[in-house]
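Notes for the structure review
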Amino acid sequence: MGFVFGLVVGVVVGLAVIVGFVRSENARSKQRSQLAATIAAFARMSVEDSRKLLPPQFYPSWVVFSNRQKLCSLFLFLTWLNSHLTKIWPYVNEAASELIKMSVEPILEQYRPIILASLKFSKFTLGTVAPQFTGVSIIEDGGDGVTMELEMQWDGNPSIILDIKTLLGVALPVQVKNIGFTGVFRLIFKPLVDEFPGFGAISYSLRHKKNLDFTLKVVGGDISAIPGLYDAIEGAIRDAVEDSITWPVRKVVTILPGDYSDLELKPVGILEVKLVQARELTNKDIIGKSDPYAVLYIRPLRDRMKTSKTINNDLNPIWNEHFDFIVEDQSTQHLVVKIFDSEGLQSSELIGCAHVKLSELEPGKVNDKWLKLVKDLEIQRDNKNRGQVHLELLYIPFGMENSFTNPFAPKYSMTSLEKVLKSSTNGIESNGNENEFTQKRKEVIIRGVLSVTVISAEDLPATDLLGKSDPFVVLSLKKAETKNKTRVVNDCLNPVWNQTFDFVVEDGLHDMLMVEVYDHDTFGKDYMGRCILTLTRVILEGEYKERFELEGAKSGYLNLHLKWMPQPIYRDS
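Residues numbered from 1 in each chain as written. Predicted model: local features only at pLDDT ≥ 70, side-chain atom pairs only at ≥ 80, totals over all residues. Heavy atoms only, no water.

Per an unreviewed UniProt entry, the chain is named Synaptotagmin, and its organism is Arachis hypogaea. Of the chain, the UniProt comment under Subcellular location (unreviewed entry) reads exactly: "Membrane". Quoted verbatim from the Sequence similarities (unreviewed entry) heading of the UniProt record, the comment on the chain is "Belongs to the synaptotagmin family." (UniProt positions renumbered as here; feature names shortened; annotations may be inferred.)

Right, here's the structure in full:
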């Protein structure tokens with residue numbers, strides 16, 4: 001009996017052990033399968049997927065660096081770079097001095113003042129003090145290159161002597177002294193290749209010139225003995241620096257054989273600018289009002305800067321002038337507008353300045369902008385009201401003209417200014433030099449009939465003693481000098497006219513509509529406010545109705561309806 005019981009218990013225990021072992025093996029096999037599936041899933045994950053699952057703060061130190069570690073690494077890199085540059089500077093000085101002299105001297109001669117017969121270097125060395133790099137950044141543009149920007153500061157002791165000759169045959173050695181420079185140099189390693197050293201060419205340029213100071217001294221004499229000589233030479237040097245190395249100008253150094261013409265500076269488009277008006281300018285004159293004029297440029301070179309006419313004794317000048325500029329890098333360049341007060345024979349005084357980034361302009365579309373004037377574009381903490389300037393801007397990349405629609409067909413629907421101009425770049429062609437373009441334009445003359453309906457006004461200021469006004473509206477074309485006026489509505493601050501006037505316009509792109517509101521009095525009239533409208537929008541859209549705020553008035557709006565009936569012609573310019 002005991003034997004039988006022991007046998008049964010042994011069989012049961014044995015079966016239990018076998019079942020337990022089988023279940024354990026099955027569980028381990030299942031875990032191995034799940035682990036294999038998880039590892040396979042991780043293998044298929046991208047870097048972005050891993051960042052979603054595991055935030056950067058949980059990465060090991062060898063994968064990601066903290067900001068403190070990054071700063072330490074940056075400091076160590078700059079220390080290493082500056083120490084090695086100091087060691088090799090005598091050799092850099094010897095090689096770079098001759099290279100800079102050969103490249104800058106022709107450009108300096110190009111900007112030679114007219115009072116000089118020649119302007120050349122008689123001596124050029126960079127001195128014994130090496131520049132110091134104070135910052136570095138890597139720009140990832142997603143392209144086939146790497147861009148590095150190095151911030152540099154240099155208070156050097158160069159030996160630079162200019163050999164100048166005046167038109168009278170007088171030779172003067174002029175020494176350039178006390179040079180102080182701070183700026184950002186850009187290095188572009190492009191294209192990336194699978195051969196050593198990993199890139200085909202290096203492009204270098206002065207990305208941003210923060211500060212450039214120097215003094216001029218005639219060796220053994222006084223430079224002030226010749227009036228205007230100091231300013232003329234200083235301007236020539238600054239223009240030469242701007243035109244030789246300042247971005248978007250860049251120098252390309254070939255490392256591996258290949259065609260790198262795409263890295264060279266090339267015009268990429270045209271910026272059309274209409275300087276319309278300015279308002280509420282700061283008065284710089286003690287007696288009377290300022291005499292403002294505008295200077296516009298993309299690159300501050302004398303032959304590329306455009307100057308408007310001077311409007312005498314007016315703090316709300318109207319220019320309505322058109323300019324065009326060559327664009328070489330839309331992503332980094334900007335248009336600068338400076339408003340000056342003309343002082344006759346004396347130096348003009350800056351009223352204010354403003355700028356527009358070209359990257360903010362949609363190609364082929366008109367941008368109507370009012371820009372606030374500031375004292376300094378580098379310092380944005382200027383809260384003083386210096387006035388505003390009104391611009392109409394159109395950026396047209398080369399090659400975009402193929403998508404334009406002819407606006408002069410009998411039936412067309414205008415939606416953008418490029419249709420009016422058809423193509424400001426039409427006929428621009430290379431003359432063999434990739435950096436020089438010859439413009440062969442056909443000027444567009446927009447003729448037509450402008451129909452203006454003065455509908456009503458709202459919330460006009462009271463000018464009479466009883467709290468009312470007797471308003472009427474005067475409409476005039478500035479260039480054509482034609483005028484019309486509405487009837488007088490007595491004792492009313494919200495008059496309704498519903499009167500239509502037609503104007504024959506001979507040059508719609510360069511004319512503008514002045515709409516002025518007056519209060520009628522028995523012995524004259526009182527000015528209440530005005531609206532100044534270019535004809536751009538009505539030419540684009542054909543017809544529109546708008547509520548305009550009155551300029552120069554405490555309150556008030558004017559409701560107008562404008563309609564354009566075109567009759568364009570062409571003439572060669």
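Time to look at the overall build of the chain. Along the backbone of the chain there are six helices and 27 strands. In the chain, which comprises 573 residues, the proportion classed as buried is 41%. Long-range pairs, those at least 24 residues apart, make up 65% of the contacts in the chain with a sequence separation of at least 6. On the chain, roughly 32300 Å² of surface is accessible, and the fraction owed to carbon and sulfur atoms is 55%. (Helix = DSSP H or I, 4+ residues; strand = E, 2+ residues; numbered from the N terminus. Buried < 20%, exposed > 50% of the residue type's maximum accessible area, 1.4 Å probe, protein only. Contact = heavy atoms within 4.5 Å. Areas by Shrake-Rupley, 256 points an atom, 1.4 Å probe, with all protein chains shown as cover.)

Scanning all chains against the criterion turns up six aromatic pairs. Residues Y293 and F340 carry aromatic rings whose centres are separated by 5.6 Å and whose planes lie at 20° to one another, so their mutual orientation is stacked. Of this pair, Y293 sits in strand β9 (residues 292-297) while F340 sits in strand β12 (residues 334-341), and the two are 47 residues apart along the sequence. Each member of the pair, Y293 as well as F340, is classed as buried. Aromatic rings pair up to connect F472, Y518 and Y527 into one cluster. The positively charged end of R186 is found above the aromatic ring belonging to W247, 4.7 Å away from the centroid. (Phe/Tyr/Trp six-rings, centres within 6.5 Å; stacked < 30°, edge-to-face > 60°. Lys NZ or Arg CZ within 6 Å of the ring centre and 35° of its normal.)

In this section: the sheet that holds strand β10 (residues 306-307). Spatially, β10-β9-β12-β13 is the arrangement adopted by the four strands of the open sheet, whose pairing is antiparallel. Since the sheet does not close on itself, it has two edges, and those belong to β10 and β13 (349-357), each with one partner. As judged from the two bridges shared by β9 and β10, these two strands associate in the antiparallel manner. Of the residues in β10, the one forming a bridge with V295 is T307. (Pairing = 2+ DSSP bridges.)

A word on the layout of surface pockets. Its boundaries defined by the atoms lining it, the largest pocket holds a volume of some 1600 Å³. Along the walls of the largest pocket sit 39 residues, with I100, L126, M152, F185 and I245 positioned nearest its centre. Mapped by element, the contributors of at least two residues to the lining of the largest pocket are α3 (67-110), β1 (116-125), β3 (146-154), β5 (171-189), β6 (201-218), α4 (229-244) and β7 (251-254). The element that contributes the greatest number of residues to the lining of the largest pocket is α3, accounting for twelve residues. A class-by-class count of the residues in the lining of the largest pocket yields 36 nonpolar, two polar and one charged. (1 Å grid on protein atoms, 1.4 Å probe; cavity = no way out; pocket = protein on both sides within 12 Å on 5 of 7 lines; lining within 4 Å. Points joined across faces, edges and corners; volume = space filled by probe spheres on them. Nonpolar A, V, L, I, M, F, W, Y, C, P; charged D, E, K, R; others polar.)

Mean pLDDT over the chain: 78, with 79% of residues reaching 70 or higher. Element-level mean pLDDT values for the chain span from 40 in strand β16 (residues 428-430) up to 94 in β9. pLDDT under 50 marks residues 61-65. Its contacts with residues more than four places away, or in other chains, come to four contacts. Note on residues 402-442: pLDDT under 50 across the span, and 87 contacts to partners over four residues away in sequence or across chains. (pLDDT = per-residue confidence, 0-100.)

Right, let's talk about the pattern of salt bridges for a bit. Scanning all chains against the criterion turns up 13 salt bridges. The partner of R537 in a salt bridge is E546, with the nearest N and O atoms 2.8 Å apart. (Salt bridge = Lys/Arg side-chain N within 4 Å of Asp/Glu carboxyl O.)

A few words on the side chain of N367. Its location among the elements puts N367 in strand β14 (residues 367-372). In contact with N367, other than residues within four places in its own chain, are E360, L361, E362, L391, E392 and L393.

Among the ten residues that make up strand β15 (residues 388-397), nine are buried, leaving the element largely enclosed by the rest of the structure. By the bridge criterion, six bridges tie β14 to β15 in an arrangement that is antiparallel. Residue pairing in the sheet places D368 in a bridge with E392 of β15.

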